[in-house]
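Here is how the chains run, residue by residue.
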Amino acid sequence: MSETEQQSGGGKNQPLRAPRGTRDVISPEVERWQDVERAAHDTFGRYGFREMRTPIFEDSAVFEKGTIETLQSAQKEMYRFVDLGGHELTLRPEGTPPVIRAYVEHNLGHGKDLARFYYIGPMFRYERPQRGRYRQFHQIGVEVFGSESAALDAEVIDMAMTWLGDLGIRSLQLCVNSVGDHDDRPAYMEKLIEAQRSLLGEMSEDSRRRHEINPLRVFDSKDPQDQLLIEKFPTILDHLSPQNKAHFDEVCAYLSDWGIDYNIEPRLVRGLDYYRRTVFEVTSSALGAQNSLLGGGRYDGLVEQMGGDNIPGVGFAAGLERIVLALPEGAGAAPIDCYIVTVSPELIPQAMKVMRDLRSHGLCCTADFQDRSVKAQMKAANRSNAPIAVIFGPDELSKGVCTLKMMESGEQQEVSLEILVEDLHRIVHMADPGN
Ligand code: HAM
């Protein structure tokens, strides 16, 4: 089957399907996403970050300075298109260039003030899909503009680790490195290219291609044979200028001082070319091959390249799908407190009135107003996992009462509508004291 057919289905008699590399996020998974997003709003807010929402597509030029040279096969990976007006647009493959574009466009730094932003949203890369790697995926990212201080790099890393820790993700490894800048890169690159040239014959085809495009990217190869060769290459960390070395040492000193566990990984270069000095990545052994939960670093120079002043920047982005995969079991859908059952359809208006009242008092309730038998409604109540069914019958309603049925024990009791809210709160709280 051709990829086009496979992607969209929809041929004659073929069921319609989501495009290849995209996913529907359905309850109870979607509640896990919400938990992750809520924790990001909380944690990042406490660190003084403000959310920014940028368009999902941008003029293609936005990604030409940073991303194009960076995503190794960026030309192929980007979703680029020309709209009906002839504009060259690209679905954003990452959040950093759009945030920089907005920062410059709206003069958000007011000259030299520190500006802290975070974003949550879909990104698009035409990659080969596998578990944890999609064509439409979601990033939660942060960017800070305005300071070269190592304290800021450390603070951003600290915020990432606090957020992941608060989410209960335990098996985390933080790797840090410095990739230097224009002071130390040229001399180092010469040495690296020379070392790679002498081993080209033993490298995988993919790495030979990476060597041509950007020799640093050979470090990202997962090929076992390449891994052995990579051990022999000189590392940038051993070739840092004294000031860049001091900057990196200061980042590490902060992390050590705050008790944040980290490994210095001299071969960590990250896939994006715009990084200068600090780079970092957080992986989790809870994930498979795509184990990078989050990555980031400093990108001094990129704001200027994109038409702004010479403002330094640092940030990171995490893959939301991967964070959700790494979350501990248990987090999930908000429970339904009670399921409303009506004995006959004429009672629906009264039942709905009660339901509105329950909801306005913080109870989560649902119902099925389909004129189905009580038995069918009770089965639906069971499937909803609500601990209580609230049953409305004509006789009861005329007396101002309803029946509560405990789904687990089958026990039933009549309750006056006047104290229904209190009673339900009491029962729900007894069943789940954390509620
Ligand atoms: P990145 O390493 O390309 O960096 O992506 C960051 C994170 O996005 C990865 O660690 C991974 O969790 C997730 N991710 C990337 N590609 C996919 C995919 N195809 N499917 C699922 N998840 C994926 C950046 O994007 C930089 N803009 C980060 C940054 C912000 N650096 C400084 N500021």
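This structure is a prediction, so every number in the text was calculated from the model and none was measured. (Residues numbered from 1 in each chain as written. Predicted model: local features only at pLDDT ≥ 70, side-chain atom pairs only at ≥ 80, totals over all residues. Heavy atoms only, no water.)

J.: Describe the site of the ligand, listing the residues and the values that go with them.
T.: Residues in contact with the ligand amount to 28 residues; listed here are only the nearest, E94, T96, E127, Y275 and S292. In this structure, E143 approaches the ligand through a side-chain N or O atom, which is 2.8 Å from a nitrogen atom. Side-chain polar atom of R270 to an oxygen atom of the ligand: 3.0 Å apart, as the coordinates give it. Relative to its free-state accessible area of 660 Å², the ligand is covered by the protein chains to the extent of 95%. Contributing elements (two or more residues each) for the shell around the ligand: β6 (136–145), β10 (292–298) and β11 (313–319). Taken together, the residues that form the shell around the ligand break down as twelve nonpolar, nine polar and seven charged. (Near = heavy atom within 4 Å. Polar contact = N/O pair within 3.5 Å; in protein donor to acceptor, adjacent residues only side chain to side chain. Areas by Shrake-Rupley, 256 points an atom, 1.4 Å probe, with all protein chains shown as cover. Helix = DSSP H or I, 4+ residues; strand = E, 2+ residues; numbered from the N terminus. Nonpolar A, V, L, I, M, F, W, Y, C, P; charged D, E, K, R; others polar.)

J.: Can you break down helix α9 (residues 242–257) residue by residue, with the values?
T.: Here α9 spans 22 Å end to end across 16 residues, near enough to the 22 Å set by a 1.5 Å rise per residue. Of all the positions in α9, only N244, H247, F248, V251, C252 and L255 are classed as buried. Buried positions in α9, seen along its axis, are confined to an arc of 130° and lie on one side of it. For α9, the exposed residues set more than 90 degrees away from the buried face come down to P242 and D257. Packed against the buried residues of α9 are α5 (150–166), β7 (172–178), β8 (263–264), β9 (278–284) and β10. Looking at the residues trailing α9, positive phi occurs at G259, about 70°. (Expected span 1.5 Å × (residues − 1). Buried < 20%, exposed > 50% of the residue type's maximum accessible area, 1.4 Å probe, protein only. Arc of directions from axis to C-beta. Contact = heavy atoms within 4.5 Å.)

J.: Could you give an account of the sheet that holds strand β3 (residues 79–82), naming the residues involved and the relevant values?
T.: If you walk across this open sheet you meet the three strands as β2-β4-β3, and the pairing is antiparallel. Only two strands of the sheet have a single neighbouring strand rather than two, namely β2 (57–59) and β3. Shown here is a sheet whose adjacent strand axes are inclined to one another by a mean of 30°, direction ignored. (Pairing = 2+ DSSP bridges. Axes fitted to C-alpha atoms, helices over the stretch in contact; angles between N-to-C directions.)

J.: Requested: an account of the nonpolar core, with residues and values cited.
T.: Residues F44, W163, F233, L294 and F316 are the most contacted members of the largest nonpolar core, which totals 87 residues. Take this core: its biggest share by element is ten residues, from α5. Once residues lying within four places of it in the same chain are set aside, the contact partners of F44 are F49, Y118, I140, V142, M159, W163 and F316. Core analysis: the second largest hydrophobic core is formed by 23 residues, I340, L347, A351 and V390 among them. (Core = buried A, V, L, I, M, F, W, Y, C linked by side-chain atoms within 4.5 Å.)

J.: Break down the packing of α5 against α9 for me, citing the residues and quoting the values.
T.: Relative orientation and spacing of two packed helices are given, respectively, by the angle between their axes and the distance between those axes. One can describe the packing of α5 onto α9 by two numbers: an axis separation of 8 Å at closest approach and a directional angle of 40°. On the basis of the axis angle, α5 is oblique to α9. The interaxial crossing formed by α5 with α9 has right-handed handedness. Contacts from A150, A151, D153, A154 and I157 of α5 reach α9 at H247, E250, V251, Y254 and L255. A breakdown of the residues in the contact of α5 with α9 according to their chemical character gives seven nonpolar, one polar and two charged. (Parallel < 35°, antiparallel > 145°, perpendicular 65-115°, else oblique. Left-handed = near helix turned anticlockwise from the far one by under 90°.)

Spatial relationships are all this shows, so hold off on functional conclusions.
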